[in-house]
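Summary of structural features
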Amino acid sequence: PQTQHHLISHLNILLFFLDFPKQDCRFFMNIYSTPPHDATNLLIDSIPKLPEMTLIAGDFNLHHKMWDSRRKTQPLAEKLWNTIGDLGVALANQADVWTHIPHNTRLQSSVIDLVWTVPEWMEHSLFAMTVEEIHRITSDHCLVTVDLPYHPEYFALPNIQRGSKNETKYLEGI
């Protein structure tokens, strides 16, 4: 992986790419956006100069009816909703599956941890996104995992058993 600070630079945004064999490189982003949402505003402002993304995930701390029908849509969430598709991604979260469950039971649970990915990956049988409340431990955020529909190619190093005929043959050939 290679980070891409020259494309977008913020303490709470990590942009990197991975080279996949037999494919183009794929761009991934992680974001943590707290009020006043400098990271989300920078993301939105940077969309015209960013490459198409494969996956964007993070704690956006934003409410929108598209991912949490009980909450009022915030203007910045609406702006994000209307522009992030320009990066080639769509929302992977299921609506109303809470990702943030406050320890204070008087506060409402919400969906603020979001995953956006390319539609063809979401349609793939190997793609899965899970939200696991049980693994929260001390956090008030659920564990969000994404299984990507990609199987890397592994290149095994030659393995010759010591003392075997293959070892003798190999050593004779050197």
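An account of the accompanying structure is given in this report. (Residues numbered from 1 in each chain as written. Predicted model: local features only at pLDDT ≥ 70, side-chain atom pairs only at ≥ 80, totals over all residues. Heavy atoms only, no water.)

Some points on the overall build of the protein
- A count of helical and extended segments in the protein gives 4 helices and 8 strands.
- The C-alpha atoms of the protein give a radius of gyration of 21 Å, which is well past the 16 Å a tight globule of 174 residues would have.
- Taken along the three principal axes of its C-alpha coordinates, the protein extends 75 × 40 × 30 Å.
- Of all 174 residues assigned to the protein, the portion counted as buried reaches 39%.
- Contacts in the protein between residues at least 24 apart in sequence constitute 58% of all its contacts with a sequence separation of at least 6.
- Here the protein displays about 11000 Å² of accessible surface, and carbon together with sulfur accounts for 54% of that area.
- Separation of charge centres in the protein, based on 13 positive and 20 negative side chains, amounts to 4 Å. (Helix = DSSP H or I, 4+ residues; strand = E, 2+ residues; numbered from the N terminus. Rg over C-alpha atoms; globule rule 2.2 N^0.38 Å. Buried < 20%, exposed > 50% of the residue type's maximum accessible area, 1.4 Å probe, protein only. Contact = heavy atoms within 4.5 Å. Areas by Shrake-Rupley, 256 points an atom, 1.4 Å probe, with all protein chains shown as cover. Lys, Arg positive; Asp, Glu negative; His and termini not counted. Charge placed at Lys NZ, Arg CZ, Asp CG, Glu CD.)

Considering the pairing of strand E6 (residues 113-117)
- Among the 5 residues of E6, 5 are classified as buried, and the element is accordingly described as predominantly covered.
- Along E6, one buried face is formed by Asp-113, Val-115 and Thr-117 and the opposite face, lined by Leu-114 and Trp-116, is buried too.
- Alignment of strand E4 (residues 55-59) against E6, held across 5 bridges, turns out to be antiparallel. Bridge pairing links Ala-57 to Val-115 in E6. (Pairing = 2+ DSSP bridges.)

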